[in-house]
Amino acid sequence: MAVVFDKPHSLCDVPTHYCPGCTHGIIHRLVCEVMDELNIEGDAVCVFPVGCSVLAYNYFECDVVGAPHGRAPAVATGVKRAKPDSVVFTYQGDGDLAAIGTCETVHAAARGENITVIFVNNTIYGMTGGQMAPTTIPGQVTQTTPYGREPEIQGYPVRVCEMLSTLDGTALAQRVSVDSPAHIREAKKAIKKGFENQINKKGFSIIEVLSTCPTNWGMTPADALERLRTEMIPYFPLGVYKDEAVWNKEEKAD
Amino acid sequence: MLTETIICGFGGQGVLFTGKLLAYAALYQGKELSWMPSYGPEMRGGTCNCSVCLSDEPIGSPLVNTPDVLIAMNEPSFDKFESTVKPGGIIFADSSIIGKKSVRDDVTCFYIPSTELAKENNLTGMANIIILGKVIRECSDRLLGINYDMIVSAFEKIIPPKKAALVEKNVNAFKIGYDYK
Amino acid sequence: MERVLMKGNEALAEAAIRAGCKCFFAYPITPQTEVAAYLAKNMKKRDITFLQAESEIAAVNMVLGASSAGVRTMTSSSSPGISLKSEGVSYLAGSDLPAVIVNVQRGGPGLGSIQPSQSDYWQATKALGHGDFQLIVFAPASVQETVDMTLRAFEEADRYRMPVMILTDGFLGQMMEPVSFSDETPVIEEKEWAANGHKNGRKHNIINSLFLQPDELEYSVNERYKRYDIIKEKIHEAEVYKCDDAEIVLAAYGTTARVAKSAVNQARELGIKAGLFRPKTLWPFPAAELKEACKNAKTVLSVEMSQGQMVEDLRLALDCRIPVEFYGRHGGNIPSPDEVLEQIKKISERSL
């Protein structure tokens, strides 16, 4: 019998700690499918963050390094500079990447650091129980914005891809979503491109994946996906914000 | 024997370089030494100094509080360090810039118009080397026997080949100070 | 071996290259700038990576990454910058990663001053970050020792898989002294634990400091402390100078040890039986050497460029059996040999 669907090799065969309905599982799987297809598991080093995906070392079969909160791009820079032939990616949430790690993120991008950043944006701090994130949408209720985020008090969210697309060192800044099969296919293509960019030494690639947090949003998984579509995508429009090789421009990405 | 020297003046007068010359000359003679610059948010034109310790034995404290030899290239530094010189010590002052004489009667003083000598001889900016010439002439024995030839050879060693023309200029300046009566 | 004249900071950088340091990350701060400048100048011809990071925090985390990948790596800074690095140092320790951290101390607290200081003794030896951990701390007192200890630091870091600090100061960093370098190339073993791609040939390596199960964390910290016990047995170094018959033993490390030594010599000329105990390792603290140095001591005088930090380790190491007094200057001031001699004289007169 032909196998038409299987667990990617680079995904560990273990149950995850993620809550029911959380889309981290989909994103992990997409990253691992790409690792398999590009045959890079043996060269890959995943830098995992602090946040819900802090246990990602249990799920990726490639080598893994834990970073302090927000510092994954700096740690990844260290790995990449020490071993330029390895394929280094960070896997970070919104609090990690866009609040405490903004500095490391912006400067890794500005340097054109040849790494791949998987940025999972679910507009909330999940691991700590649902506090306001740098991407929490105005009006969104969280533990620390019990009356909804009020820009007059808490300010506005950060649109990471738009911001990083202004930097000369960014090769790819693309926002995708995993709320539907079509979007999931799109997301995988973007992730693959992010890794190919690195393999072809094109510069810094960030793929922002809009994701859900049914637990801390207080919703069913289905309602959470609906919120992603109706509230998040309008505020964080999907699309390619920058796609332009920083280094190695002559060589074709394929 | 341990000899402690302070060289002081404006930033840009070559104060640190003068100290380095002494240090290198001692290094090439196999002596023990330390060279310590003042450091800080000092700009060109601000005051600056360095301490050089020369010894036949390992240097204990490289910190110079009471120098045996003081080379002063401007008045604020002269005022600051004149009183710190050990009794029996020697002061060299650039009299083109320092208008006063030492009030001390327990030290030997030499006043050399080195900035003017530099100007007259088309060696502007080399007053420090001129004064060093006088220092070596007058107190080679105090400076562990560092003599004319040793300083000349230090020039040759520390000035990079691509700036070789500077060696001759430095030697000229050094000789002017050395021969100054 | 040929003697060259170098600043402490530059000599340290040269020693790091010779020790096989491949990746160096730092953020500018006085008075350590020459370390970074020297490495930046040399990176192309010596085949090393130098990267100026966007912050001290980023720099130490780049070190964490490079160390994870299995190469010798270093960062250097000065006091306020070291405070910022404390997060990364704790993670390095918790992840069992070798690294060399250089602190060219300046005055504190806060922005303090840029002049030399020794007020980070506690930070270096007790708590450079959260959690139960230690750093091996080397305290050089000359440019030559800075060089020798830099090589040692890389070796011990690799041997025990832990961060090692070189605790120097603005004076030692800025000063030039004759120094010679060994031509030997260190043998650096391949790190089997490194996360640098498993090439489909082994299970994945995990570099991690997170242990959510209390028993697991307790176990991992206990294992680390067993290693610390070995280190305490093997690494405890001090210079003991004229202590055989010394009734007054001065204790000082780094720059102040140089000053204290001059004061001891002056005191001896006056007929005062003074000696010097100079720890070269601050953690582990050379307690046995101290006890031996103090076998005839009636008083110990700690001389520091701080308000008195090492003085507490002296009292602990001596079980408070000999009175330990303190003399210090700080804020960027360095005690002079004369000032220290005055203290010795006072103690000497009092005990007559």
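Residues numbered from 1 in each chain as written. Chains lettered and ligands numbered in written order. Predicted model: local features only at pLDDT ≥ 70, side-chain atom pairs only at ≥ 80, totals over all residues. Heavy atoms only, no water.

A.B. asks: Quick question: what am I supposed to make of the overall build of chain B here?
C.D. replies: What chain B contains, in helices and strands, is six helices and six strands. When the helices and strands of chain B are read in sequence order from the N terminus, they spell out β-α-β-β-β-α-β-β-α-α-α-α. Against the compact-globule benchmark of 16 Å for 181 residues, chain B has a radius of gyration of 15 Å, which places it among compact chains. Overall, chain B is about 40 × 40 × 35 Å in size when its C-alpha atoms are taken along their principal axes. Across the 181 residues of chain B, 55% fall into the buried class. (Helix = DSSP H or I, 4+ residues; strand = E, 2+ residues; numbered from the N terminus. Rg over C-alpha atoms; globule rule 2.2 N^0.38 Å. Buried < 20%, exposed > 50% of the residue type's maximum accessible area, 1.4 Å probe, protein only.)

A.B. asks: Can you walk me through the interface of chain A and chain C in this structure?
C.D. replies: You'll often see interface size given as the accessible area lost when the parts meet. Taken together, the contacts link 35 residues of chain A with 34 residues of chain C. Where chain A abuts chain C, roughly 2600 Å² becomes buried across the two surfaces, and 60% of that area is made up of carbon and sulfur atoms. Among the salt bridges present, the one from Arg 111 of chain A reaches Glu 54 of chain C, with a minimum N-O distance of 2.9 Å. Those elements giving two or more residues to the side of chain A that touches chain C turn out to be β1 (44–48), β2 (63–66), α2 (72–82) and α4 (102–110) of chain A. If you tally residues by element for the side of chain A that touches chain C, the top one is α2 of chain A, at seven residues. As paired elements, β2 of chain A and strand β9 (residues 206–207) of chain C share two bridges and run parallel to each other. Across the sheet, Val 65 of chain A pairs through a bridge with Ile 207 of chain C, a residue of β9 of chain C. (Contact = heavy atoms within 4.5 Å. Buried area = accessible area lost by both parts, 1.4 Å probe. Salt bridge = Lys/Arg side-chain N within 4 Å of Asp/Glu carboxyl O. Pairing = 2+ DSSP bridges.)

A.B. asks: When you look at the sheet that holds strand β10 (residues 238–241) of chain C in this model, what are you seeing that I'm missing?
C.D. replies: Residue and element names in this part refer to chain C. Taken together, five strands build an open sheet; the order of strands is β10-β12-β11-β14-β15 and the sheet is mixed. The strands lining the two open edges of the sheet, one partner per strand, are β10 and β15 (324–328). This sheet shows a mean twist of 20 degrees between the axes of neighbouring strands, independent of strand direction. Relative to strand β12 (residues 274–279), β10 is paired through four bridges, and the arrangement is antiparallel. Within the sheet, the bridge partner assigned to Tyr 241 lies in β12 and is Leu 276. (Axes fitted to C-alpha atoms, helices over the stretch in contact; angles between N-to-C directions.)

A.B. asks: Explanation requested: the environment of Asp 179 of chain B in the structure shown.
C.D. replies: For Asp 179 of chain B, the location among the structural elements is in helix α6 (residues 165–179). C-alpha of Asp 179 of chain B to C-alpha of Val 107 of chain B: the two residues are 72 residues apart in sequence and 22 Å apart in space.

A.B. asks: Any chance you could explain a positive patch on the surface here in plain terms?
C.D. replies: A cluster of basic residues, Lys 162 and Lys 163 of chain B together with Lys 41 and Lys 45 of chain C, forms a positive patch on the protein surface. Structurally, the position occupied by Lys 162 of chain B is in the loop between α5 (148–158) and α6. (Patch = residues over 30% accessible without salt bridge, like charges linked within 9 Å, V, L, I, M, F, W, Y side chains within 5 Å. Areas by Shrake-Rupley, 256 points an atom, 1.4 Å probe, with all protein chains shown as cover. Lys, Arg positive; Asp, Glu negative; His and termini not counted. Charge placed at Lys NZ, Arg CZ, Asp CG, Glu CD.)

A.B. asks: Would you mind showing me how to read the pattern of salt bridges here?
C.D. replies: Summed over the entire model, instances satisfying the criterion amount to 55 salt bridges over all chains. A salt bridge links Asp 63 of chain A to Arg 202 of chain C, with the nearest nitrogen and oxygen atoms 2.8 Å apart. Within this pair, whereas Asp 63 of chain A is found in strand β2, its partner Arg 202 of chain C is found in the loop between β8 (176–179) and β9, the two belonging to separate chains. The partner of Arg 18 of chain C in a salt bridge is Asp 183 of chain C, and the shortest N-O contact between them spans 3.8 Å.

A.B. asks: I tried to follow the interface of chain C and chain B on my own but got confused; where do I start?
C.D. replies: Taken together, the contact between chain C and chain B spans 23 residues of the former and 22 residues of the latter. Contact between chain C and chain B buries roughly 1800 Å² in total, counting both sides, with carbon and sulfur atoms accounting for 67%. On the chain C side of the contact with chain B, Arg 3, Leu 5 and Met 176 of chain C bury the most area, a combined 34% of that side's loss. Inspection of the region where chain C meets chain B yields one salt bridge. Here Arg 3 of chain C makes a salt bridge to Glu 32 of chain B, at a shortest N to O gap of 3.7 Å. Counting across the interface, chain C meets chain B through seven residue pairs in polar contact (both at pLDDT 80 or more). Listing elements by their share of the side of chain C that touches chain B, those giving two or more residues are β1 (4–7), α7 (170–174), β8 and α9 (254–269) of chain C. In terms of residue class, the side of chain C that touches chain B is built from 13 nonpolar, six polar and four charged. (Polar contact = N/O pair within 3.5 Å; in protein donor to acceptor, adjacent residues only side chain to side chain. Nonpolar A, V, L, I, M, F, W, Y, C, P; charged D, E, K, R; others polar.)

A.B. asks: Hey, could you run me through the sheet that holds strand β13 (residues 281–283) of chain C in this one?
C.D. replies: Strands in a sheet are paired, the pairing made by backbone hydrogen bonds, and the direction either parallel or antiparallel. Residues and elements named next belong to chain C. Spatial strand order, β3-β2-β4-β5-β7-β6-β13: seven strands in an open sheet with mixed pairing. Single-partner strands in this sheet number two, and they are β3 (49–52) and β13. Averaged over all pairs of adjacent strands, the angle between strand axes in this sheet comes to 20 degrees, irrespective of strand direction. Summarising the sheet, strand β6 (residues 136–138) and β13 pair through two bridges and their orientation is antiparallel.

A.B. asks: Explanation requested: unusual backbone geometry in the structure shown.
C.D. replies: Peptide bonds are trans in most cases, and residues, glycine excluded, mostly fall at negative phi. Residue and element names in this part refer to chain C. Across the junction of Thr 30 and Pro 31, the peptide omega takes the value 5 degrees, indicating a cis bond. Note on placement: Pro 31 falls in the loop between β2 (23–26) and α2 (33–46). The omega torsion of the bond from Gly 108 to Pro 109 falls at 0 degrees, within 30 degrees of zero and hence cis. Tracing the chain through its elements places Pro 109 in the loop between β5 (99–105) and α5 (121–125). Even without being glycine, Lys 242 reaches a positive phi, approximately 55 degrees. For Lys 242, the position within the fold is in the loop between β10 and β11 (248–251). The class for Lys 242 is partly exposed, based on a relative accessible area of 37%. A positive phi angle, close to 60 degrees, is found at Cys 320, a residue other than glycine. Among the structural elements, Cys 320 can be located in the loop between α11 (310–317) and β15.

A.B. asks: Is there a simple way to explain the nonpolar core in this structure?
C.D. replies: Nonpolar side chains in soluble globular proteins tend to end up buried together. Core analysis: the biggest nonpolar cluster contains 118 residues, and Ile 206 of chain A together with Leu 39, Met 74, Ile 136, Met 165 and Leu 314 of chain C have the highest contact counts within it. Two domains each donate at least three residues to this core, and these are domain 1 (4–183 + 206–234) and domain 2 (238–350) of chain C. Excluding residues within four positions of it along the chain, Met 165 of chain C makes contact with Ile 82, Ile 101, Asn 103, Ala 124, Leu 128, Leu 135, Ile 136, Val 137 and Phe 138 of chain C. If you look at the next biggest cluster of nonpolar residues, it comprises 50 residues, including Leu 21, Ile 129, Ile 131 and Tyr 148 of chain B. (Core = buried A, V, L, I, M, F, W, Y, C linked by side-chain atoms within 4.5 Å. Domains from an automatic or database assignment.)

A.B. asks: How do you make sense of the arrangement of the chains when you look at a structure like this?
C.D. replies: Contact analysis covers two pairs of chains in contact, and the most contacts occur between chains A and C. When C-alpha atoms are compared, chain A and chain B, though not in contact, are closest at a spacing of 28 Å.

Any link to function would need more than the numbers given here.
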